[in-house]
Amino acid sequence: MFRKVLFIIAGIVFGILGLIGLALPVIPQVPFLVASLLFFSEASPKFKKWLHNTKVYKDMEKSEWYQKFENSWFMKRYRAKRDDFYKRGDEFLEKRHLLTGKHEDLIEMKDKDDK
């Protein structure tokens, strides 16, 4: 829930910066508007599905430069690091849950002994 709210706030901020960039020639608008779309797509599965089903996105996926980028060493390295990060995060949460669970079990045992 916190992650979703954070992505929505970031999407709004980047959207506002993109709109300001339309009025001021000093600030680029396209990167901010694209970042806004990405944040909103991470916040809402329905929006992400709609975005991936648009003609522009499908045409981009078919383009030659996109295929080269997806198969580049940079993306392979990024995916490996991302997967490792998620794996470590899951391990941390499992350990934390186990510690919390054991702690709760000890409290329940103490309450039973006190009765």
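Here the structure is a predicted model, which is why all the values come from computation and not from measurement.

### Section: the overall build of the protein chain
Each helix and strand counted, the protein chain has 6 helices and 0 strands in total. When its helices and strands are written in sequence order, the protein chain yields α-α-α-α-α-α. By the burial criterion, 16% of the 115 residues in the protein chain qualify as buried. The long-range fraction of contacts in the protein chain, counting pairs at least 24 apart against all pairs at least 6 apart in sequence, stands at 32%. As displayed, the protein chain has an accessible area near 10100 Å², and 67% of this comes from carbon and sulfur atoms.

### Concerning the packing of aromatic side chains
To describe a pair of aromatic rings, one takes the distance between the centres and the angle between the planes. Tallied over the entire structure, the rule returns 5 aromatic pairs. What links up through ring pairs into an aromatic cluster is the set F7, F14, F32 and F39.

### Side note on the packing of helix 2 (residues 30-43) against helix 3 (residues 45-52)
Where helix 2 contacts helix 3, the two axes come as close as 5 Å, and the packing angle between them is 125°. Considering the angle they form, helix 2 stands oblique to helix 3. On helix 3, the residues touching L37, F40, S41, E42 and A43 of helix 2 are P45, F47, K48 and L51. Considering only residue class, the contact of helix 2 with helix 3 consists of 6 nonpolar, 1 polar and 2 charged.

### Description of the confidence of the model for the protein chain
Reading predicted coordinates in detail is not appropriate for stretches of low pLDDT. Confidence in the prediction for the protein chain averages 78 pLDDT; 82% of positions are at 70 or higher. Considering each helix and strand of the protein chain separately, the mean pLDDT is smallest for helix 6 (residues 73-114), with a value of 68, and largest for helix 1 (residues 2-23), with 88.

### Concerning the side chain of S41
Relative to the helices and strands, S41 resides in helix 2. For S41, a relative accessible area of 5% gives the class buried. Of note is the side chain of S41, whose polar atom sits 2.8 Å from the backbone oxygen of L38. In this view, S41 contacts F47, K48 and L51; residues no more than four positions away in its chain are not counted.

### Some words on the packing of helix 1 against helix 2
Two elements in contact, helix 1 and helix 2, have axes whose closest approach is 8 Å; the angle formed by their N-to-C orientations is 160°. Compared by their axis directions, helix 1 and helix 2 come out roughly antiparallel. Crossing hand, helix 1 versus helix 2: left-handed. Contacts from R3, K4, F7, I8, A10, G11, I12, F14, G15, L17, G18 and L19 of helix 1 reach helix 2 at F32, L33, A35, S36, F39, F40, E42 and A43. By residue class, the composition of the contact of helix 1 with helix 2 is 13 nonpolar, 4 polar and 3 charged.

Procedures and definitions
Residues numbered from 1 in each chain as written. Predicted model: local features only at pLDDT ≥ 70, side-chain atom pairs only at ≥ 80, totals over all residues. Heavy atoms only, no water. Helix = DSSP H or I, 4+ residues; strand = E, 2+ residues; numbered from the N terminus. Buried < 20%, exposed > 50% of the residue type's maximum accessible area, 1.4 Å probe, protein only. Contact = heavy atoms within 4.5 Å. Areas by Shrake-Rupley, 256 points an atom, 1.4 Å probe, with all protein chains shown as cover. Phe/Tyr/Trp six-rings, centres within 6.5 Å; stacked < 30°, edge-to-face > 60°. Axes fitted to C-alpha atoms, helices over the stretch in contact; angles between N-to-C directions. Parallel < 35°, antiparallel > 145°, perpendicular 65-115°, else oblique. Nonpolar A, V, L, I, M, F, W, Y, C, P; charged D, E, K, R; others polar. pLDDT = per-residue confidence, 0-100. Polar contact = N/O pair within 3.5 Å; in protein donor to acceptor, adjacent residues only side chain to side chain. Left-handed = near helix turned anticlockwise from the far one by under 90°.

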